[in-house]
Amino acid sequence: MFGSDSGFAARVKAVLGPTNTGKTHLAIERMLAHSSGIIGFPLRLLARENYDRMVERKGAKHVALITGEEKIVPPEARWFSCTVEAMPLDRAAEFVAVDEIQLCADPDRGHVFTDRLLHARGMVETMFLGSETIRPLLQRLVPQAQVETRPRLSHLTYAGPSKMVRLPPRTAVVAFSAAEVYAIAELIRRRKGGCAVVMGRLSPRTRNAQVALYQDREVDFLVATDAIGMGLNMNVDHVAFAGLGKFDGHRPRKLTAAEIGQIAGRAGRGMKDGTFGTTTQCPPLSDDVVAAVESHHFEPLDMLCWRNSDLDFAGVDALLDSLTTPPPRPGLVRGNDASDLETLLALSRDGDIRKLAVGRTRLRLLWDACQIPDFRKLTDETHARLCARVFTQVAQEKALPTDWLANQIASLDRSEGDIDTLMQRLSGIRVWSYIAARADWVKDTQHWQAKAREVEDKLSDALHERLLSRFVDRRSAHLMRRLEAGEGEELLSAVTMRGEVVVEGHLVGHVEGFDFAPDPEAAGEEKKLVLRAARRSLRAEMPRRVTMLENAPDTAFAVTDDHILAWNDAPVARLQRGETPLRPRVQVLDSAFLDGAERERIRRRLQAWTDQQIRQDLAPLFAAEAAARDRPTLRGPLHRLMESLGVIPGVDEETLAPDIRSALRAFGVRSGRFALFIPALLKPRSAQMRARLWALFNGVPAPALPPAGLVSLAAAPHGWPPGFAAVAGWIEAGPILLRLDVAEKVAGELGYRARRGPAAIPAGLASRFAIKADLLPAVLRRLGFRVLPAPVLAPREQGPPAPAMILPLRRRKPQHEASIPMIRPSGPFAALAVLRR
């Protein structure tokens, strides 16, 4: 029951004390012990939270929720959870309570709390909950009240300043502007994996989702505005202030010690102790403030804000006068002009509004319209115009137009946009939720309340997702928590068949060979975290992979043109130049996951595979070398062939003695006009291996070979280093490159044809070289033949034209050089060759 406080002295009780004293729990228990009750909270989200608790105890049909935006009032409702402004003043109840009664001193909302302090009474019991700072004024204004002081259940200790990166888990960082909250949340996401965000502008649904994110330990950090100080009960161990000043809606100012204590008191819930401190650029707290917060002793309030609630509805001016009446007793003071009074002042200057606001009923309607909350906080006249239209429509039409109400709600039913855009839409839908809850303004109020609630839920879910995507990296947060659990604790990890590394259910990267590639989306601090998790999780995986490589079939390995050895397409080692071209060395690629013994096991397996591939692809060369071991006269030429990868350019058939040439021919070695070579090594597979080994020995990438089947090239392909063409089995034949085996075969045929003198050029010789006919003379000259042009018939001669002829170009050597074996200038026999000459 609400009325004067006479006759109820023994039934009024004030339960005062710091945070974490169980005051709200006590009040709920006392209320539910009565047959009816009403409790007022300072925030809508607290009213909703305690409504849900009361429903669990008493059932939905017996519990009501009344806030500015929501009205859930079942016919059999007996217990009411409300915001202080929405407490039903005309309903009788055995128990009445007001939480955070020290807000009587708030310049903006204090007059509402003071009115409840002076006039709100239960029929059996009345309880005011709040801080000790209000005790002197409460005892003066309500002398019959019994005051009970409850001690804090846990200790609160100052921990001093701390860098952001050193904040302990389960920390709430408190900032005082949206920009600061966003910046700190971004930093925590990069360094700590993410955080929950709580601000006063969040809807209860979004706020609860963010709190659940923190309470369920999906993240270990919370960034909040000072809204956290009002009854937000969470498992916070440490509160860190990012600033000590705020803008209170009128001016910037420093926090009072009591405000710091209210916020810091969120740390340490139940019997668990808590700590508080500062972070970022916030200066340390002074010793006086620290002592006050730790001891919970603050300067008492000296004034409570008051506004006359006994309003005069005789006229607009009378109503304004009654609202600005001076306080009637000491200890009370007028606070800031609230938005409802400012709106009434603005509308009072409108002549049409004055003409329409005639009579007590119309004036009450005007005052009710002016009390529509200005959640949007727009700086223009938008809110005043909205209140004016609501008043005009209801006064003239008895209800708001349905299509207008539908259009206004539909305009906010959009879930796209960033965080600020969604919060602004939520502020807008809260206004329409308030309007839709007025059964005297809206037809079918339940339908429009449900519609507004649907839009609010949609926007709330979208806002929660935006906050998650921007400020939470679940993977990093989870991994960091597991890593910090201790090095001895095993991580739940696996490597899939595709090489994906999954740690604690999160994909962190890929294993490529014996190296770890972090997820490309990870960067900065997150990348370091992923690498830490990978090192712990791959401790057992890498030895297993080393064993797999040792037992892998030869088909699992390959070598690239840039001399990288791959295992199952993943690079694991590189080839390096050895002492000879046929003995390259294997060097295992660097890996932080391999020790020395494991690297040696990999090297041995890859070295064996490399040697085997060389022997397979160059089998004719190794077979000839093995067969010549017992033939001293053949060891020199075969040794040089081994060093030259099977082709020695420039050694013609006249360089070696006939018996040596004949012996070499038996081993598949040909001493031709242009080179000493093994024809079988010019086949594609052998040629590819020879090209790779030559490039490796000379420190260049492996050149690309022309397609198999080509017999001539117009020029050396792009990328061929100097000297490679001859080694690869191509000779310079005038303007073209000609394949060595083809050049030897054709030169041999032509030599035999012209052994006794000039001979006709065979038909189709140019096509055998795959060149134009006009290039043939230049090509043949390089092969050792001179083309004799066909003689032209005299004018009186008849008959077929004579063909062009070829004639060998012979180079005669001195007799003493005719049988000198081939000597390499840099070889071990070079000095002996000089003495012999």
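Residues numbered from 1 in each chain as written. Predicted model: local features only at pLDDT ≥ 70, side-chain atom pairs only at ≥ 80, totals over all residues. Heavy atoms only, no water.

**Q** What should I look at first to understand unusual backbone geometry in this one?
**A** In terms of backbone geometry, most residues other than glycine have negative phi values and most peptide bonds are trans. Even without glycine at this site, His-296 takes up a positive phi of about 65°. Within the secondary structure layout, His-296 lies in the loop between α8 (287-295) and β17 (304-305). Although it is not a glycine, Leu-645 adopts a positive phi angle of roughly 60°. Mapped onto the elements, Leu-645 comes out in the loop between α22 (632-643) and β27 (647-649). Residue classification places Leu-645 among the buried residues on the basis of a relative accessible area of 2%. (Helix = DSSP H or I, 4+ residues; strand = E, 2+ residues; numbered from the N terminus. Buried < 20%, exposed > 50% of the residue type's maximum accessible area, 1.4 Å probe, protein only.)

**Q** Can you help me understand the nonpolar core in this one?
**A** Core analysis: the biggest nonpolar cluster contains 68 residues, and Val-173, Leu-366, Val-390, Phe-391, Ile-429, Trp-432 and Ile-435 have the highest contact counts within it. Among the elements that line this core, the one with the most residues is helix α15 (residues 419-436), at 10 residues. Excluding anything up to four places from it in sequence, Ile-429 contacts Ile-409, Leu-412, Ala-452, Val-455, Glu-456 and Leu-459. Counting 53 residues, the second largest nonpolar core, distinct from the first, contains Leu-16, Met-87, Ile-101 and Leu-118. (Core = buried A, V, L, I, M, F, W, Y, C linked by side-chain atoms within 4.5 Å. Contact = heavy atoms within 4.5 Å.)

**Q** Would you take a moment to explain the environment of Gln-215 for this structure?
**A** Take Gln-215: it is sitting in helix α6 (residues 204-215). Using a relative accessible area of 27% as the deciding quantity, one classes Gln-215 as partly exposed. In the structure, Gln-215 is positioned 19 residues away from Met-234 in sequence and 6.9 Å away in space, judged by C-alpha atoms. Filtering out sequence-adjacent residues up to four positions away, Gln-215 remains in contact with Arg-170, Asn-233, Met-234 and Asn-235.

**Q** How should the packing of helix α19 (residues 541-550) against helix α20 (residues 596-617) be read in this particular structure?
**A** Helix packing geometry: the angle between the two helix axes and the distance between the axes. Taken N-terminus to C-terminus, the directions of α19 and α20 make an angle of 15°; their axes are 9 Å apart at the nearest point. Between α19 and α20, the angle falls in the class roughly parallel. With respect to the hand of their crossing, α19 and α20 are arranged in left-handed fashion. Residue-level inspection shows Pro-543, Val-546, Thr-547, Leu-549 and Glu-550 of α19 in contact with α20, the latter providing Glu-598, Arg-601, Ile-602 and Arg-605. Looking at side-chain class alone, the contact of α19 with α20 contains four nonpolar, one polar and four charged residues. (Axes fitted to C-alpha atoms, helices over the stretch in contact; angles between N-to-C directions. Parallel < 35°, antiparallel > 145°, perpendicular 65-115°, else oblique. Left-handed = near helix turned anticlockwise from the far one by under 90°. Nonpolar A, V, L, I, M, F, W, Y, C, P; charged D, E, K, R; others polar.)

**Q** Please clarify how the pattern of salt bridges should be interpreted in this entry.
**A** Opposite charge on two side chains permits pairing when their charged atoms draw close. Tallied over the entire structure, the rule returns 42 salt bridges. Between Asp-741 and Arg-739 there is a salt bridge; the shortest N-O distance is 2.8 Å. (Salt bridge = Lys/Arg side-chain N within 4 Å of Asp/Glu carboxyl O.)

**Q** I tried to follow the sheet that holds strand β2 (residues 37-41) on my own but got confused; where do I start?
**A** Strand pairing in a sheet relies on backbone hydrogen bonds. The paired strands run either parallel or antiparallel. With mixed pairing, eight strands are arranged side by side in an open sheet as β4-β3-β5-β2-β6-β7-β1-β8. The two strands at the open ends of the sheet, each matched to only one other strand, are β4 (71-72) and β8 (146-149). As defined by bridge partners, strand β6 (residues 95-98) adjoins strand β7 (residues 125-130) across four bridges and the pair is classed as parallel. Counted as the bridge partner of Val-96 is Thr-126 from β7. Most of the contacts of helix α2 (residues 44-58) go to strand β5 (residues 79-83), to which it runs at about 170°, and overall it touches β2, β3 (63-66), β4 and β5. (Pairing = 2+ DSSP bridges.)

**Q** Please clarify how the pairing of strand β10 (residues 171-174) should be interpreted in this entry.
**A** When a strand is regular, its side chains alternate between the sheet's two faces. A two-sided burial pattern is seen for β10, the buried positions comprising Thr-171 and Val-173 on one face and Ala-172 and Val-174 on the other. When β10 meets strand β12 (residues 221-224), the two strands line up parallel, connected through four bridges. Considered in β12, the bridge of Val-173 is made with Val-223. One ladder, built from four bridges, connects β10 with strand β13 (residues 238-241); its direction is parallel. From the neighbouring strand, Thr-171 faces β13, where its bridge partner is His-238.

**Q** I would appreciate a short explanation of the sheet that holds β13 in the present structure.
**A** Strands sit in the order β9-β16-β13-β10-β12-β11 across an open sheet of six strands; the sheet is parallel. One side of each edge strand has no neighbouring strand; the edge strands of this open sheet are β9 (156-162) and β11 (196-198). Here the strands of the sheet are splayed against their neighbours by 25° on average, with no regard to which way each runs. Along the sheet, helix α5 (residues 178-192) contacts β10, β11 and β12; its crossing angle with β12, the most-contacted strand, is approximately 170°. Those strands touched by α6 are β10, β11 and β12, and its axis lies near 140° from that of β11.

**Q** Even after reading the chapter, I still don't get empty space enclosed by the protein, so can you show me in this structure?
**A** Picture a little ball the size of a water molecule; that probe, rolled over the atoms, points out where space is still empty. The tally for this structure, following the rule as stated, stands at three cavities of 30 Å³ or more. Taken together, Pro-107, His-111, Cys-305, Trp-306, Arg-307, Arg-334, Gly-335, Asn-336, Asp-337, Ala-338 and Leu-341 form the lining of the largest cavity. When its residues are assigned to classes, the lining of the largest cavity shows five nonpolar, three polar and three charged. (1 Å grid on protein atoms, 1.4 Å probe; cavity = no way out; pocket = protein on both sides within 12 Å on 5 of 7 lines; lining within 4 Å. Points joined across faces, edges and corners; volume = space filled by probe spheres on them.)

**Q** For this particular structure, what's the right way to read the state of the cysteines?
**A** Here a disulfide denotes a covalent bond joining the sulfur atom of one cysteine to the sulfur atom of another. This structure, assessed with the given rule, holds zero disulfides. Sulfur of Cys-104: no disulfide; nearest cysteine sulfur belongs to Cys-305 and is 8.8 Å away. (Disulfide = S-S within 2.5 Å.)

**Q** In this structure, what is going on with the packing of aromatic side chains? I would like to understand it.
**A** Aromatic rings in a pair are described by how distant their centres are and how their planes are angled relative to each other. A full pass over the atoms with the stated rule returns seven aromatic pairs. Between Phe-557 and Trp-609 the ring centres are 5.8 Å apart and the planes differ by 50°, which places this aromatic pair in the tilted class. Of this pair, Phe-557 sits in strand β23 (residues 557-559) while Trp-609 sits in helix α20, and the two are 52 residues apart along the sequence. Note on Phe-557: relative accessible area 6%, which makes it buried. Of the aromatic side chains, those joined through ring pairs into one cluster are Trp-694, Trp-720 and Phe-724. Lying over the aromatic face of Tyr-434, Lys-71 brings its terminal NZ or CZ to 5.9 Å of the ring centre. Over the face of the ring belonging to Phe-697 we find Arg-577, whose NZ or CZ atom lies 3.8 Å from the ring centre. (Phe/Tyr/Trp six-rings, centres within 6.5 Å; stacked < 30°, edge-to-face > 60°. Lys NZ or Arg CZ within 6 Å of the ring centre and 35° of its normal.)

No statement about biological role is implied by the geometric values presented.
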